[in-house]
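Examination of the molecular architecture
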Amino acid sequence: MANSYRVLRKRILASGIKEMDIYAPRIARVAMPGQFIMVMADEGGERIPLTLVDWSKVEGWIRIVFQEVGVSTMKLGLFEPGESLYYVSGPHGTPTHVSKLNTVVIVAGGVAIAAAYPIAKAFRDVGSRVISIIGAKNSSLLIYEEEIKSVSTEIHISTDDGSRGIRGFTSDVLESLLASGLKPDLVWMVGPTIMMKVCSAIAKRYGVRAVASLNPIMVCGMGMCGACRIRVDGRIRFACFEGPEFDASSVEWDELILRLQMYREEEQLSLKRFLEGGGHI
Amino acid sequence: MSKIKSRVLIPKREPLERLKDFNEVALGYSEKEALEEASRCIQCPSKPCVQGCPVEIDIPRFIKLIRERRYEEAYKVIKDKCPIPAITGRVCPQEKQCEKLCTLAKFGKPIAIGALERFVADWAREKGVYIEVRNSNFNSKNGKIAVIGSGPAGIVVASDLLRLGYEVTIFEALHVPGGVLTYGIPEFRLPKRIVNDEIKCLVESGVNIELGFIVGKTITIYDLLKEFNAIFIGTGAGHPRFLEIPGENLSYIYTANEFLTRINLMKAYLFPYYDTPIRKGKYVAVIGGGNTAMDAARSALRLGAEKVFVLYRRTKSEMPARREEIANAEEEGVEFIFLVQPIEFIGNSLGAVSEIKLMKMRLGEPDETGRPKPIPTDETISIQVDVVINAIGFHPNPLVPMTTPEIKVDKRGRIIVDKEGRTTMPKVYAGGDIVVGEGTVIEAMGWGRIAARTIDRDMSFL
Ligand SMILES: Cc1cc2nc3c(=O)[nH]c(=O)nc-3n(C[C@H](O)[C@H](O)[C@H](O)COP(=O)(O)OP(=O)(O)OC[C@H]3O[C@@H](n4cnc5c(N)ncnc54)[C@H](O)[C@@H]3O)c2cc1C
Ligand SMILES: Cc1cc2nc3c(=O)[nH]c(=O)nc-3n(C[C@H](O)[C@H](O)[C@H](O)COP(=O)(O)OP(=O)(O)OC[C@H]3O[C@@H](n4cnc5c(N)ncnc54)[C@H](O)[C@@H]3O)c2cc1C
Ligand code: SF4
Ligand code: SF4
Ligand code: FES
């Protein structure tokens, strides 16, 4: 019954942000941009969703990039090449609808810049002009700049403190591009929910179609539990198999933001216990 | 006939004691009790009880063997028809199955067939008796069969076809096999070590189980057909339904599936020793009146809730849950509010549910299910809560039909099959909850048995 999800390579991209290649040939064989995996580091672990950042059908590996924000991601970060994760399933979710467009603007913030990479690449590969806007808190947390650059026609960078690129948020960059007369066919966004909420409002104001890749809390990843439900256009939708991408202007952002904070207390308790226990598995 | 002895009751732990943990409530017969209960069976030559068992266990025969203390042989008789007797003995709705047709049911004292089945299965587990399920003509057939879903339907198909000599692989999306047996039915009714042992037995007999395979995503039906001669779909009815009323996405409003999955599959009741959290409410409302609602309510009490209310839109006599489970819930202190229908959830400034608005109902004429239809009055009431569990039911899991248009579904999303379990796509069969909507463990197993026979027959013509 056991499958081996061996870690092949591991790279530290920034403080607390890690990239990992995992041997998972059957996922690599069918993965598409916009899809994700469910991961359990060890037997007692949570099932957490992580975006497929890259993969090789031929070599049978998949790549994830994650930020260590709580126990599950910290446990994952402990794995070294040669060791195997307890469980990986996928690809989950509906792939990004990629077609040749004149101009696509990709907006990505924080660790999610990596998640935007396969999307930018896919739009570029079909011949669209790709304008990427990436941003982070500060220059040391800015990841995947080279990768994004390699698949973009144009790249804009922002940091909250101005230590790299423009001082401000990715949404500020989006606003100024649209204000200067840019008329993209699509704004595709991924990142912190508040960033997506703001970018969505900006796109709406300029009458530009926008799609957001959402990140609600998940348990099953296959339409069985309803943990990932969000409200789009007034209707309940399951992000894990109808999404994770939805029309950004129809998402009820405030509800999603509140639902993401549901386990604050429990997460802190869990983290405290984990760290007091020495922070190992 | 007033001399018929009463049924030997299955011993249970005391309510106050059992509320402290998730350990099993019903303790099972001692040998003495089993012998006493078995002695009541009058060994009816026409075996009416067997008619009530979808997997056709030879009930009088195994009971007779219990009487003779030939437990290993009794186990063989049961295992011959049922691959998971420690499970069916515990969770079958026997009162609607075998025990309903027992001759002694006419006198209100049917034989406790389930409890006896459980006794034999537990005896065998304790003694480490393991019965090779392959039969002598193993390898006489060749064919590779893919089974999708490792719930009770899939388990029976796998076990039956393995015995007939086929090579069987089960594909399961989750990280543990068992379907609802693993993620849905709580530990206090069905200990997970028992589910594990029953499945281990299947694996040791030669069934291959692939976990983390989401059919329709990791691999399609079309791909599977290139490698396998036939496919059985047993993906269940695990897609939750919603009330479609305001406030349904407020925090701490769970679907029963999420609540129970966190607890059973992810062991959130052991948080923080296991990483998956769950909100332990003080005032918990469970909406619905079925087994799922009882399981959710009793789990919430065990997590430490002060009060748990079950909100049901009809009255107690219409509740679809098993009587035994309703009684267990009552004993444990679950409170029932009948004739109410939620119409709105109200939240606090943090987006957490704090109140449910309920419409009072009255009973009207019977509807298509034969039960009186609940009709709204114009009176509303409110209750204060901090956790809500929606247990109003499930839709069939849409993943496989969604990705395989050749497999036709009806308007409720159930896969359409003929009487013998064939779907509208050649070489593809289905059974269990994906076909009937919400059924029972034993019904799903009955479907599995039918489909396995059909697959074997159809394969013989190839
Ligand atoms: C479809 C999808 C794809 C994702 N892809 C990635 C990815 O490629 N890389 C990555 O680092 N993360 C990704 N996430 C988020 C990731 O799943 C969470 O960061 C992870 O579950 C946190 O678990 P934890 O136990 O480490 O932290 P927790 O203890 O659960 O949480 C710690 C902090 O993180 C916040 N948090 C928890 N869950 C989420 C979430 N789902 N989204 C955003 N914040 C959250 C909490 O509010 C809390 O402040 C994705 C989420 C989804 C739904
Ligand atoms: C809380 C609860 C309590 C219950 N209590 C009882 C009881 O006491 N007695 C009783 O008789 N019945 C009970 N039932 C009903 C009973 O559990 C079901 O009728 C029965 O499990 C149905 O069996 P199944 O094999 O059709 O599907 P399931 O048990 O639902 O199994 C389906 C399996 O398929 C997997 N799957 C789904 N989609 C895919 C996919 N695309 N690829 C791979 N795998 C997939 C799922 O993960 C799951 O493991 C209860 C149900 C619930 C929810
Ligand atoms: S499997 Fe269920 S229906 Fe059949 S004899 Fe056992 S308890 Fe009765
Ligand atoms: S019907 Fe009842 S009494 Fe008769 S053989 Fe079956 S179990 Fe025994
Ligand atoms: S995560 Fe379970 S339904 Fe989406």
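Along each chain, the written sequence defines residue order, and numbers are assigned to residues from 1. Lettering of chains starts at A and numbering of ligands starts at 1, both following the order in which they are written. Under the rules for a predicted model, residues below a pLDDT of 70 receive no local features and side-chain atom pairs below 80 are neither given nor counted, while totals for whole chains, interfaces and linings still include all residues. Only hydrogens and water are set aside; all other atoms, that is, all heavy atoms of the structure, feed into the side-chain values.

As a further point, take the site of ligand 3. Any residue with a heavy atom lying within 4 Å of a molecule or strand is counted as near it. Every residue close to ligand 3 is listed here: Cys53, Ile57, Ile59, Thr88, Cys92, Gln94, Gln97, Cys98, Ile113, Glu117 and Ile442 of chain B. Taken together, the residues of the shell around ligand 3 break down into seven nonpolar, three polar and one charged. Polarity classes work like this: nonpolar for Ala, Val, Leu, Ile, Met, Phe, Trp, Tyr, Cys and Pro, charged for Asp, Glu, Lys and Arg, and polar for all others, with Gly in that last group.

All names here are of chain A. By this definition, two strands are paired if DSSP reports at least two bridges between them. Numbering goes from the N terminus for both helices and strands, where a helix is a DSSP run of H or I of at least four residues and a strand is a run of E of at least two. Spatially, β12-β11-β10-β9-β13-β14-β17 is the arrangement adopted by the seven strands of the open sheet, whose pairing is mixed. The two strands at the open ends of the sheet, each matched to only one other strand, are β12 (166-167) and β17 (245-247). In this structure, strand β9 (residues 103-109) lies alongside strand β13 (residues 186-190), joined through five bridges in parallel fashion. Its bridge partner lying in β13, Val104 is registered against Leu186. Taken strand by strand, helix α5 (residues 170-179) contacts β9, β10 (129-136), β11 (154-159), β12 and β13, and its axis lies near 145 degrees from that of β10. Any two residues having at least one pair of non-hydrogen atoms within 4.5 Å are treated as being in contact. Convention adopted: a line fitted to C-alpha atoms gives each axis, helices being fitted over their contacting stretch, and angles between N-to-C directions are expressed from 0 to 180 degrees.

Quick look at the packing of helix α4 (residues 59-67) of chain B against helix α8 (residues 113-127) of chain B now. Residues and elements named next belong to chain B. Orientation of α4 relative to α8, taken along the N-to-C sense of each, is 55 degrees, at an axis distance of 11 Å. Taken together, the axis directions place α4 and α8 in an arrangement best described as oblique. The chirality of how α4 crosses α8 is left-handed. Contacts from Ile59, Phe62, Ile63 and Ile66 in α4 reach Ile113, Leu116, Glu117 and Val120 in α8. Counted by class, the contact of α4 with α8 contains seven nonpolar, no polar and one charged residues. Any angle from 65 to 115 degrees is called roughly perpendicular, while one under 35 is roughly parallel, one over 145 is roughly antiparallel, and all others are oblique. If you view the pair so one helix is near and one far, a crossing is left-handed when the near helix is turned anticlockwise from the far one by less than a right angle, and right-handed when it is turned clockwise.

Facing 49 residues of chain B, the contacting portion of chain A comprises 49 residues. Buried area is understood as the total, over both parts, of accessible area removed when two parts are fitted together, assessed with a 1.4 Å probe. Both faces combined, the contact of chain B with chain A buries some 4,200 Å², and carbon together with sulfur accounts for 58% of it. The largest contributions to the chain B side of the interface with chain A come from Lys217, Asn249 and Asp275 of chain B, which together make up 18% of the buried area. One speaks of a salt bridge when a side-chain nitrogen belonging to Lys or Arg is within 4 Å of a carboxyl oxygen belonging to Asp or Glu. Linking chain B with chain A are four salt bridges, by the criterion used here. The partner of Glu266 of chain A in a salt bridge is Arg279 of chain B, with the nearest N and O atoms 2.7 Å apart. Polar contacts, as counted here, are pairs of nitrogen or oxygen atoms within 3.5 Å of one another; within protein the pair requires one atom able to donate a hydrogen and one able to accept it, and residues that are adjacent in sequence qualify only if both atoms are side-chain atoms. In this assembly, chain B and chain A are joined by 23 residue pairs in polar contact (both at pLDDT 80 or more). Counting residues per element, the side of chain B that touches chain A draws most heavily on helix α13 (residues 256-265) of chain B, which supplies four residues.

Quick look at the side chain of Arg47 of chain A now. Counting through the fold element by element, Arg47 of chain A comes out in the loop between β3 (36-40) and β4 (48-51). Each residue is placed in one exposure class: buried if its accessible area under a 1.4 Å probe, protein chains only, is under 20% of its type's maximum, exposed if it is over 50%, and partly exposed if it falls in between. Neither His nor the chain termini are counted; the positive set is Lys and Arg, and the negative set is Asp and Glu. Of the side chains bearing the opposite charge, Glu172 of chain B lies closest to the buried Arg47 of chain A, which forms no salt bridge; the N-O distance is 7.7 Å. A distance of 2.7 Å separates a polar side-chain atom of Arg47 of chain A from the backbone oxygen of Val219 of chain A. Polar contacts involving the side chain of Arg47 of chain A include one to the side chain of His175 of chain B, which spans 2.9 Å.

Let's shift gears to the domain arrangement of chain A. The extent of an interface is frequently quoted as the accessible surface area lost upon association of the parts. Residues and elements named next belong to chain A. Domain ranges listed in this record stem from an automatic or a database domain assignment. Per the domain assignment, the segments of chain A are domain 1 (7-92) and domain 2 (103-260). When each unit is reduced to the centre of its C-alpha atoms, the spacing between domain 1 and domain 2 is 21 Å. Between domain 1 and domain 2, the residue contacts involve 22 residues of the former and 19 residues of the latter. Across the domain 1/domain 2 interface, buried area totals approximately 1,500 Å², and carbon plus sulfur atoms make up 65% of it. Among the residues domain 1 hides against domain 2, the three largest losses belong to Phe36, Arg47 and Val53. Together they make up 27% of the total. Connecting domain 1 to domain 2 are one salt bridge. Arg11 is paired through a salt bridge with Glu147; the nearest N and O atoms lie 3.3 Å apart. Listed by contribution, the elements that provide at least two residues to the side of domain 1 that touches domain 2 are β1 (5-14), β2 (17-23), β3, β4, β5 (54-56) and β6 (61-67). No other element matches the four residues that β6 contributes to the side of domain 1 that touches domain 2. Of the residues belonging to the side of domain 1 that touches domain 2, the class tally is 12 nonpolar, five polar and five charged.

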